[in-house]
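Commentary on secondary and tertiary structure
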There are 2 protein chains.
Amino acid sequence: MTTPLHGVKIVEMTSVVLGPYACQMLGDLGADIIKIEPPAGDTNRNLGPYRTHKDMSSLFVNCNRNKRSLVLDLKSDRGKAAALKIIESADIVVHNFRPAAMERLGLDYEQVRKVNPQIIYCATYGYSKKGPYGNKGALDDSIQAASGIAALNEMVLGEPRYLPTVVADKTTGLFVVQAVLAALFHKERSGQGQEIEVPMFESLTSYVMVEHLWGQTFEPPIGKAGYIRLMAEHRKPYRTKDGLYLAVLPYWDAHWHTFCELSGNPELAEDPRFISMAERLKNINESYAATGRIIATRTRQEWLDLLGDTNVPMMVVNSLDDLVHDPHLEATGFWQEFDHPDEGRIRMSSPPMTFSETPASIRLMAPRLGEQSVDILREAGLAEDVIQEMLAAGETRQAG
Amino acid sequence: MTTPLHGVKIVEMTSVVLGPYACQMLGDLGADIIKIEPPAGDTNRNLGPYRTHKDMSSLFVNCNRNKRSLVLDLKSDRGKAAALKIIESADIVVHNFRPAAMERLGLDYEQVRKVNPQIIYCATYGYSKKGPYGNKGALDDSIQAASGIAALNEMVLGEPRYLPTVVADKTTGLFVVQAVLAALFHKERSGQGQEIEVPMFESLTSYVMVEHLWGQTFEPPIGKAGYIRLMAEHRKPYRTKDGLYLAVLPYWDAHWHTFCELSGNPELAEDPRFISMAERLKNINESYAATGRIIATRTRQEWLDLLGDTNVPMMVVNSLDDLVHDPHLEATGFWQEFDHPDEGRIRMSSPPMTFSETPASIRLMAPRLGEQSVDILREAGLAEDVIQEMLAAGETRQAG
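Scoring rules and cut-offs
- Residues numbered from 1 in each chain as written.
- Chains lettered and ligands numbered in written order.
- Predicted model: local features only at pLDDT ≥ 70, side-chain atom pairs only at ≥ 80, totals over all residues.
- Helix = DSSP H or I, 4+ residues; strand = E, 2+ residues; numbered from the N terminus.
- Buried ≥ 20, exposed ≤ 12 C-beta atoms within 10 Å, placed from the backbone.
- Contact = placed C-beta atoms within 7 Å.
- Domains from an automatic or database assignment.
- Least-squares fit on C-alpha atoms with pLDDT ≥ 70 in both.
- Pairing = 2+ DSSP bridges.
- Core = buried A, V, L, I, M, F, W, Y, C linked by C-beta atoms within 7 Å.
- Axes fitted to C-alpha atoms, helices over the stretch in contact; angles between N-to-C directions.
- Parallel < 35°, antiparallel > 145°, perpendicular 65-115°, else oblique.
- Left-handed = near helix turned anticlockwise from the far one by under 90°.
- Nonpolar A, V, L, I, M, F, W, Y, C, P; charged D, E, K, R; others polar.
- Arc of directions from axis to C-beta.
- pLDDT = per-residue confidence, 0-100.

Turning our eyes to something else, we now look at the overall build of chain A. A tally of helices and strands in chain A yields 18 helices and 13 strands. Taking the principal axes of the C-alpha coordinates as reference, chain A spans close to 85 × 55 × 40 Å. A burial count over chain A gives 58% of its 400 residues as buried. Counting only contacts in chain A whose residues sit at least 6 apart along the sequence, the fraction spanning at least 24 positions is 69%.

The following block contains the structure:
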């Protein structure tokens, strides 16, 4: 079986999480990803625990499988020329430099299209270059502040806080994949390439506002923005009698009736505050609190036994370490293990989607810095003496 | 200019957020989305504030633009036959029924491929049908508990909590779009359709673990899962002298030096705890706390003036209502307004990606329930008397 993107060639010039994660997903789908790194490497190579080599840290390994690494000093003439030579035969370029930096390098869309008019050129960074924030620097946290996420936490906690996951980088990465695939489909039908911009601020604002635009959906507004159920104090996993936590969500009317009946609280099903979904939403915090008081009366196992065969959505609260041994994920082979020649045995999550005909797959482990430099430069047709000169000048670098 | 998915026809049988949001993004990219709704409508039609009609609530409007609505009772013979007739000429089906429910309806992949062997058939629900949780019900919150998100919050707050946004539904929606587009590209090249499954649990676990697999990346593990910087107590927007909050992120060495210098704290740049990125990461909570103490000494405007021209990532904390009038988003035309014949003026976020040749676009506002029922049934070639009988029997319904 083939992969969906078999034969598609992508040149990645990104670092940290957003661009690397996006290109890793495209690699999982089968594309050949050439990751161009500066001589010092992707800054995230050194972030997180490592087994053997400091530059093969957990965070790098988890964002860079299915790629080959080519070191190029893009500020050198030969480095830049080599990049353009490789781009000549590529389908897609993804970069996360700010617009001005890419112009200075001479690798902006206008320059790149001269060597490959059909290229799909995707830039991703903090803020659209069309607006006044266009040259602002951005990190995940600043985009969480910009896009309302920190403010959502303020509505729950009384002070703005970032979420404990890099939601801005990763979600924008998913938009990058969407944009690139849509453009690739267009190119396949028409032969036409194009320039794409995927800004983090715009991506996250659109993502946050799906449910939170709320009263501001209408103009003039008929209320404030913010789906208040999600900020309710008692919306949380409930503590059971034995101090363990459980997500129990008697949300729809059928769920609520089942829950009230089986838990021995039939009067709650008749309570006017909770009698219908609409009433429960009006009294959502009381409804959550009432559920929490009931859950506190039995152990977690008692609840799992009592409600396990019903339709009421229920789930244990998995810790991160629990997930590595979750019985469902073990049964489906979600965690894959590979032996890396240097770094030992590596655990990776599978691509989460199942394709009956073109499965996504893990074919290459994350590369050492410059692991395929010479191979890739030869593939691109560079003369052997030029490659040797570039190695000697530090404009490229071969691992091992 | 055309859209990237111009001419692609998608049959959507989904409700709530995940499936509707995914199909809306595919609609933004230009696909013709036929949303099949039961006679009572998508359950989210009634969720949130509305201007005129209760079933045109904010949450529905924000997940269902660029679609046409067809009411069909899929449990009736004529309703099911009509769905299959429409699917005959479709490229893609997206549904979020649980596997057993779709089999009972006779609209599972095996049945659907009989009328359209080239169909891309994408199912999305809580847990992969290949594993032991395959028939569990799921809602956004239960998947947040399952996938480690509630536990991440416990590491910050001392008790597990859900995030104040439906991250499981929306992120899985982004994976649905990715999977469908990859399969569409494959179909364009090969003519081959296929079956796709996008489970929420697997999607979110892979998403959470990008940075959080951490010490469990290696086997045997060299530490626990969890990128602890993200759970640091003092990782948050800082309170300024005038009580306003500001995201200030002197993350890389150059940022840190600029920040220490300009804020009048050059000794901090020499402090051994903070002297390099590696040392700051080791002492991250102290580093955040030190930054917070400095930020408390000036007003927000003073900081914006002092650091605004530097590379230090900095951003105000926007409330949700602020975002509607953010000057950058206003300058780029991010918020679009449309006059709906019944519901008045509607505000919508633009697709966040810019395509130079095939822009995504908003072409249709969210439909009333069954707004295009008769049109779509006629397009599919149903006889006029059958349509009338279905209307009379309540197996379809025409709005207005």
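On we go from here.
Right, let's talk about the domain arrangement of chain A for a bit. Domains assigned within chain A are domain 1 (9-144 + 165-208 + 332-393) and domain 2 (238-316). Distance from the C-alpha centre of domain 1 of chain A to the C-alpha centre of domain 2 of chain A: 46 Å.

With that settled, consider the relation of the copies chain A and chain B. By a simple turn and slide, chain A fits onto chain B: the slide is 0.0 Å along the axis, the RMSD is 0.0 Å, and the turn is 180°. In symmetry terms, the pair is related by a two-fold rotation axis. The residues that chain A uses at the interface reappear at the interface of chain B in 100% of cases, marking a shared surface.

So, on to the sheet that holds strand β12 (residues 344-349) of chain B. Reading across from one edge, β7(A)-β12(B)-β11(B) is the order of the 3 strands in this open sheet, with antiparallel pairing throughout. Looking at strand neighbours, the two that pair on one side only are β7 (218-219) of chain A together with β11 (335-340) of chain B, the edges of this open sheet. Direction of pairing for β7 of chain A relative to β12 of chain B: antiparallel, over a ladder of 2 bridges. Across the sheet, residue Phe218 of chain A finds its bridge partner in β12 of chain B, namely Ile346 of chain B.

Residue and element names in this part refer to chain B. Pairing is antiparallel across the open sheet formed by 3 strands, whose spatial order is β8-β9-β10. In this open sheet, the two edge strands, each paired with only one partner strand, are β8 (238-239) and β10 (314-316). For strand β9 (residues 245-248) and β10, the ladder comprises 3 bridges, and the chain directions are antiparallel. Residue Val248 lies in a different strand from β10, and its bridge partner there is Met314.

Before going further, it helps to examine the nonpolar core. If you look at the biggest cluster of nonpolar residues, it comprises 254 residues, and the most contacted ones within it are Leu26, Cys122 and Val180 of chain A together with Leu26, Cys122 and Val180 of chain B. Those residues in contact with Val180 of chain B that lie beyond four places of it in its chain are Leu26, Ile92, Val94, Ile120 and Cys122 of chain B.

Once that is clear, we can look at the packing of helix α1 (residues 18-28) of chain A against helix α8 (residues 167-190) of chain A. Residues and elements named next belong to chain A. In contact at an axis separation of 8 Å, α1 and α8 are set at 45° when each is read in the N-to-C sense. Taken together, the axis directions place α1 and α8 in an arrangement best described as oblique. Pair α1 / α8 crosses with right-handed handedness. Along its contact with α1, which presents Leu18, Tyr21, Ala22, Met25 and Leu26, the element α8 presents Asp169, Lys170, Thr172, Gly173, Val176, Val177 and Val180. Within the contact of α1 with α8, the residues separate by chemical class into 8 nonpolar, 2 polar and 2 charged.

What follows deals with the environment of Pro313 of chain A. In this structure, Pro313 of chain A sits in the loop between α14 (300-307) and β10 (314-316). Owing to 23 C-beta atoms within 10 Å, Pro313 of chain A belongs among the buried residues under this scheme. Look past the residues within four positions of Pro313 of chain A in its chain and what remains in contact with it is Leu249 and Tyr251 of chain A together with Gly137, Ala138, Leu139 and Ser142 of chain B.

So, about the interface of chain A and chain B. If you look at the interface, chain A gives 127 residues, while chain B gives 127 residues. Looking at the side of chain A that touches chain B, the element that brings in the most residues is α8 of chain A, giving 15 residues. Looking at the side of chain A that touches chain B residue by residue, the class counts come to 72 nonpolar, 34 polar and 21 charged. Inspection of the sheet shows strand β6 (residues 194-199) of chain A paired to strand β13 (residues 354-355) of chain B by 2 bridges, in the antiparallel sense. Bridge pairing links Ile196 of chain A to Phe355 of chain B in β13 of chain B.

Take helix α3 (residues 77-87) of chain B next. Note on helix geometry: an α-helix contains 3.6 residues per turn, so any two residues three or four positions apart are oriented the same way. Residue and element names in this part refer to chain B. Looking only at α3, the buried set comprises Gly79, Ala82, Ala83, Ile86 and Ile87. The arc enclosing the buried residues of α3, seen along the axis, measures out at 135°, which places them on a common side. Residues of α3 that are buried in the fold lie against β1 (9-13), β2 (32-37), β4 (92-95), α5 (109-115) and α17 (373-379).

Residues and elements named next belong to chain A. With an omega of 0°, the peptide bond running from Glu219 to Pro220 counts as cis. Mapped onto the elements, Pro220 comes out in the loop between β7 and β8 (238-239). Phi angles above zero are rare outside glycine, and Asn66 is one such case at about 60°. Here Asn66 lies in the loop between α2 (58-61) and β3 (67-71).

As a further point, take the confidence of the model for chain A. Residues with a pLDDT of 70 or more make up 100% of chain A, whose mean pLDDT is 97. The ipTM for the predicted assembly is 0.98, set against a pTM of 0.98.

The subject of this paragraph is the pairing of β9 of chain B. All names here are of chain B. Residue alternation in β9 divides its side chains into two sets, Tyr245 and Ala247 and Leu246 and Val248, and both sets are buried. For β8 and β9, the ladder comprises 2 bridges, and the chain directions are antiparallel. Paired with Tyr238 across the bridge in β9 is Leu246. Where β8 hands over to β9, the hairpin turn is made up of 5 residues, of which Gly243 adopts a positive phi near 80°.

In this fold, Pro352 of chain A is placed in the loop between β12 (344-349) and β13 (354-355). Considered as a pair, Pro352 of chain A and Phe334 of chain A are 18 residues apart in the sequence and their alpha carbons are 7.9 Å apart. What Pro352 of chain A contacts, discounting residues up to four positions off in sequence, is Phe175, Val198, Pro199, Glu202, Ser203 and Ser206 of chain B.

All names here are of chain A. Relative to the assigned elements, Tyr109 resides in helix α5 (residues 109-115). In sequence terms Tyr109 and Glu195 are 86 residues apart; their C-alpha atoms lie 6.8 Å from each other. In contact with Tyr109, not counting residues within four places along its chain, are Tyr121 and Glu195.

All names here are of chain B. Among the residues making up helix α10 (residues 253-262), those that are buried are His255, Trp256, Phe259 and Cys260. Taken around the axis of α10, the buried residues stretch over an arc of 125°, which confines them to a single face. Those residues of α10 that are buried are in contact with α11 (266-270) and α12 (277-282). Downstream of α10 by one or two residues, Gly264 has phi in the positive range, about 80°.

The next thing to look at is the pairing of strand β5 (residues 120-125) of chain B. Residues and elements named next belong to chain B. Within β5, 6 of the 6 residues are buried, leaving the element largely enclosed by the surrounding structure. Residues Ile120, Cys122 and Thr124 point to one face of β5 and Tyr121, Ala123 and Tyr125 to the other, with burial holding for every one of them. Inspection of the sheet shows β4 paired to β5 by 4 bridges, in the parallel sense. Within the sheet, the bridge partner assigned to His95 lies in β5 and is Ala123. Relative to strand β6 (residues 194-199), β5 is paired through 6 bridges, and the arrangement is parallel. Residue pairing in the sheet places Tyr125 in a bridge with Pro199 of β6.

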